[in-house]
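Summary of the model geometry
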Amino acid sequence: MNLDYFYVPPLPETLVSCISYMYADSFDYDILVKKITSDVGLTEKLFTVANSQYYSQGAVATSNLKQALTRIGVTSLLKILTSEYYNTVFKNTETDFFTLRDFNRHASYVSHLAVTLGEHLQVEDTNDLMIAGLFHDIGLLARSHCQNSLMQKIVHKCKENKIDFYSAEMLETLPTHDALGKQVANKWNLSDRVTFLIEHHHTPENQRPTTPDYGLHKELDILTFADTLAHRMKFGYNDYIRDTKVNQSFLDRLGLSLDIIAKKTQDTFKAVTALSF
């Protein structure tokens, strides 16, 4: 199905640079400092986060931007840059309980939790998980941006029938937001792996496309699990109904214990809350 009628503005240069640095052999904070310095609002936000209790770890407050960036790390910087982009481009797309604040918190929680779970499960490179987590629901924003009246109808359907976005889209026989997300990911030139994760984060396991890349399917399991836990931990939307049950066999297959899950969700809560969305 051709979804080219969905127009989503390109990612800003600083955000694209940050994503590129994620995959680079070396990382130069000085380059990012030069790109960010001219944005007063963003700079103030970065200092607020860097000097928070979680990220400062009791250190003296800093007014040096490079030190602030080093303190919060590139992963948290990417979350902040993404939320700033969303808040700028999609500021007039909110519909009922579908708010940008909740969207940002949800995306950041999924991204952070997916990475921490991936690290525990020895995923070789968690960058794809991090980026896919941040953009996994971009299709919802694309629809709200381009077809706001239709998004309002979907939100109403969710509330009326106590169902989630994906189920409402299926009931309305619409392209689902993961399909829209794939289209956006392609326009933004995100990697094939990230695009796959975005496209299939709601695909039932028995309907996933066959691929010899076992690691990619493992990452998809981690992403979908992080998405489910985000809603269970109230990093979703108010008055939004989403099934958050997880089979024990799924956890056993991944090799996750309840103790590990509790620790990772607690750490993620602290990290995302400190970003002050």
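Here's a quick rundown of the structure. These figures come from a predicted structure and were not determined experimentally.

A short note on the overall build of the chain
If you tally the helices and strands in the chain, you get 15 helices and 0 strands. Computed over its C-alpha atoms, the radius of gyration of the chain comes to 18 Å, within 12% of the 19 Å expected for a compact globule of 277 residues. With the C-alpha coordinates aligned to their principal axes, the bounding extent of the chain is approximately 55 × 40 × 35 Å. Each of the 277 residues in the chain was classed as buried or not, and the buried ones make up 56%. Partitioning the contacts of the chain with sequence separation of at least 6, the portion at a separation of at least 24 is 68%.

Focus: the environment of Lys187
The residue Lys187 is located in helix α11 (residues 177-187) in this model. The class for Lys187 is partly exposed, based on a relative accessible area of 39%. Residues Lys187 and Val8 lie 179 residues apart in sequence; the distance between their C-alpha atoms is 8.6 Å.

A closer look at the packing of aromatic side chains
One pass over the structure, following the stated rule, counts 20 aromatic pairs. The cationic tip of Arg105 hangs over the ring face of Phe235; the distance from NZ or CZ to the ring centre is 4.2 Å.

Remarks on the pattern of salt bridges
Pairing between side chains of opposite charge can happen when the charged atoms of each approach one another. This model, assessed by the stated rule, comprises 17 salt bridges. A salt bridge links Asp213 to Arg193; its shortest N-O distance comes to 2.4 Å. Of this pair, Asp213 sits in the loop between α12 (192-199) and α13 (214-232) while Arg193 sits in helix α12, placing them 20 residues apart in sequence. With relative accessibility at 27%, the residue Asp213 sits in the partly exposed group. Classification of Arg193 as partly exposed rests on a relative accessible area of 26%.

Things to note about the environment of Arg71
With respect to the element layout, Arg71 can be found in helix α5 (residues 65-89). In this structure Arg71 touches Ala50, Asn51, Tyr55, Ser56, Ala59, Val60, Ala61 and Thr62, once residues within four positions along its chain are discounted. A distance of 3.2 Å separates a polar atom in the side chain of Arg71 from the backbone oxygen of Val60.

Comments concerning the packing of helix α7 (residues 127-135) against α12
As a packed pair, α7 and α12 sit with axes 9 Å apart at the nearest point and diverge in direction by 45°. Taken together, the axes of α7 and α12 are oblique relative to one another. As α7 packs across α12, the resulting crossing turns out to be right-handed. Contact residues: Asp128, Leu129, Ile131, Ala132 and Phe135 in α7; Arg193, Val194, Leu197 and Ile198 in α12. A class-by-class count of the residues in the contact of α7 with α12 yields 7 nonpolar, no polar and 2 charged.

As for the packing of helix α8 (residues 138-146) against α11
Put simply, α8 and α11 touch, their axes get as near as 7 Å, and they point 90° apart. Considering their axes alone, α8 and α11 lie roughly perpendicular with respect to each other. Of α11, the residues touching α8 (which contributes Ile138, Gly139, Leu140, Ala142 and Arg143) are His177, Leu180, Gly181 and Val184. The class makeup of the residues in the contact of α8 with α11 is 5 nonpolar, 3 polar and 1 charged.

A look at α12
For α12, the full list of buried residues reads Val194, Thr195, Phe196, Leu197 and Ile198. Among the structural elements, α7, α11 and α13 are those in contact with the buried residues of α12.

Side note on unusual backbone geometry
What is expected of a backbone is that most residues other than glycine have negative phi and most peptide bonds are trans. Unusually for a residue other than glycine, Gln57 sits at a positive phi of about 55°. Mapped onto the fold, Gln57 is located in the loop between α4 (53-56) and α5. With a relative accessible area of 64%, Gln57 lands in the exposed category. Of note in the backbone geometry, Lys234 takes a positive phi value of approximately 70° without being a glycine. The topology assignment puts Lys234 in the loop between α13 and α14 (248-254).

Definitions and limits used
- Residues numbered from 1 in each chain as written.
- Predicted model: local features only at pLDDT ≥ 70, side-chain atom pairs only at ≥ 80, totals over all residues.
- Heavy atoms only, no water.
- Helix = DSSP H or I, 4+ residues; strand = E, 2+ residues; numbered from the N terminus.
- Rg over C-alpha atoms; globule rule 2.2 N^0.38 Å.
- Buried < 20%, exposed > 50% of the residue type's maximum accessible area, 1.4 Å probe, protein only.
- Contact = heavy atoms within 4.5 Å.
- Phe/Tyr/Trp six-rings, centres within 6.5 Å; stacked < 30°, edge-to-face > 60°.
- Lys NZ or Arg CZ within 6 Å of the ring centre and 35° of its normal.
- Salt bridge = Lys/Arg side-chain N within 4 Å of Asp/Glu carboxyl O.
- Polar contact = N/O pair within 3.5 Å; in protein donor to acceptor, adjacent residues only side chain to side chain.
- Axes fitted to C-alpha atoms, helices over the stretch in contact; angles between N-to-C directions.
- Parallel < 35°, antiparallel > 145°, perpendicular 65-115°, else oblique.
- Left-handed = near helix turned anticlockwise from the far one by under 90°.
- Nonpolar A, V, L, I, M, F, W, Y, C, P; charged D, E, K, R; others polar.

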